[in-house]
Amino acid sequence: MKILNTLSLLSLAVIGSKAMKNISSKELVKDLTIGWSLGNTLDATCFETLDYNKNPIASETCWGNVKTTQELYYKLSDLGFNTFRIPTTWSGHFGDAPDYKINDQWMKRVREIVDYALNTGGYAILNIHHETWNHAFQKNLDSAKKILVAIWKQIAAEFADYDEHLIFEGMNEPRKVGDANEWNGGDYEGWSFVNEMNDLFVKTIRATGGNNALRHLMIPTYAACVMDNAVNNFKFPSGDDKVIVSLHSYSPYNFALNNGAGAISNFNDGSEIDWVMNIINSNFISKGIPVIIGEFGAMNRNNEDDRERWAEYYIKKATSLGIPCVIWDNGYFEGEGERFGLINRSTLQVVYPKLVNGLIKGLGNSIKTRTTVRKTTTTASQSQPTNDNSCFSVNLGYSCCNGCEVVYTDSD
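The structure presented is a predicted model; accordingly, all values stated were derived computationally and were not measured.

This brings us to the state of the cysteines. By the definition in use, this model includes 1 disulfide. Covalent S-S linkage joins C46 and C62, the inter-sulfur distance amounting to 2.2 Å. Given an S-S torsion of about 95 degrees, the disulfide between C46 and C62 has right-handed geometry. With C46 in the loop between strand 2 (34-38) and helix 3 (70-79) and C62 in the loop between strand 2 and helix 3, this pair connects stretches of sequence that are 16 residues apart.

Assignment of secondary structure puts K153 in helix 5 (residues 141-158). You can call K153 partly exposed: its relative accessible area is 49%. Between the alpha carbons of K153 and R206 there is a distance of 9.9 Å; along the sequence they are 53 residues apart.

Once that is clear, we can look at the confidence of the model for the protein chain. A low pLDDT means the predicted coordinates there should not be read in detail. Of the residues in the protein chain, 84% have a pLDDT of 70 or more, and the chain-wide mean is 88. pLDDT under 50 marks residues 1-17. Its contacts with residues more than four places away, or in other chains, come to 21 contacts. With pLDDT under 50 throughout, residues 376-412 is counted as low confidence; its partners more than four residues away or in other chains account for 84 contacts.

About the thresholds
Residues numbered from 1 in each chain as written. Predicted model: local features only at pLDDT ≥ 70, side-chain atom pairs only at ≥ 80, totals over all residues. Heavy atoms only, no water. Disulfide = S-S within 2.5 Å. Helix = DSSP H or I, 4+ residues; strand = E, 2+ residues; numbered from the N terminus. Buried < 20%, exposed > 50% of the residue type's maximum accessible area, 1.4 Å probe, protein only. pLDDT = per-residue confidence, 0-100. Contact = heavy atoms within 4.5 Å.

Okay, here's the thing in structure tokens:
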């Protein structure tokens, strides 16, 4: 750890960091290593049990996760994560047509968590998630377009001065919910819906101007899946070098995601992962189109050694193609549901350290020297807690404490 005792220069750097780099998404993704998703948190919905008008931000914890903290993101950064996806459900937090005004308290809380991620010096991906108004049926298209434009215009305005470290993701797994084609790669109706919505999303963000004219944007295939029919019927916009394909792949399915008959706990065969990566390479990477796997994971089956091998294999394959991956962490470790928890958000204990080790090993030499910013206060030590709650910057010999920033380079 190398301390740079140049606070005045740091201030200039921080102030100047709002300037948007005019680089292609193909260049940007080279700086993304391994990512983590704040699952089942801002994307949680409890319409039947919460009064959203009384407490607009209570939904953050209504699926059982604790309130998100800055310390959580600093911990993840220290582990080697530099990309943070923030799934966010906006339904329940915006008003009626025609304005669809987003609640101010909700927007403030979303921005606060985005800042938590960006305060690490890493990247944040903000999206719309678990919405019901954008199910991919033709009958929904006109109304869905109106809501998409209204919501994304407000989000774009809120984050207009943020630089390239903030990425917008237009939709999460848009699909024909409840239909026979929901998870099989879609059909013409579904493909057309997703392509039209993706096109509108890109045009909406670009039209807001400022930094958003250069904002890096993620757009999904139908259901964000890697099936041939979804990929073959996906339209990638031409003439915009700041667009990234958003894909999800929980592979091999029976090891990673299946919770029923056929599920297995041993990882001995990477052929399904190879198939996924070959599809992505032949359709996108080989054509110069950047990709982020925005969700992947393998649920807990009391098989951490196998998950460690799986993680290393998966990330090694993706990294060889220049594909950053974002692991799904829903905060759940036991029970009958999807057990994708990775870190205890209350204690900041890494529950499955071997799994994290596998992710980092898979990166190989792609792990980068990280420049980390810690924001300190007089009441909490963000990076190195002490018994007397003193600022960690003071412990390092700085005179500044409240609200100051300290930069260090960590090449471990």
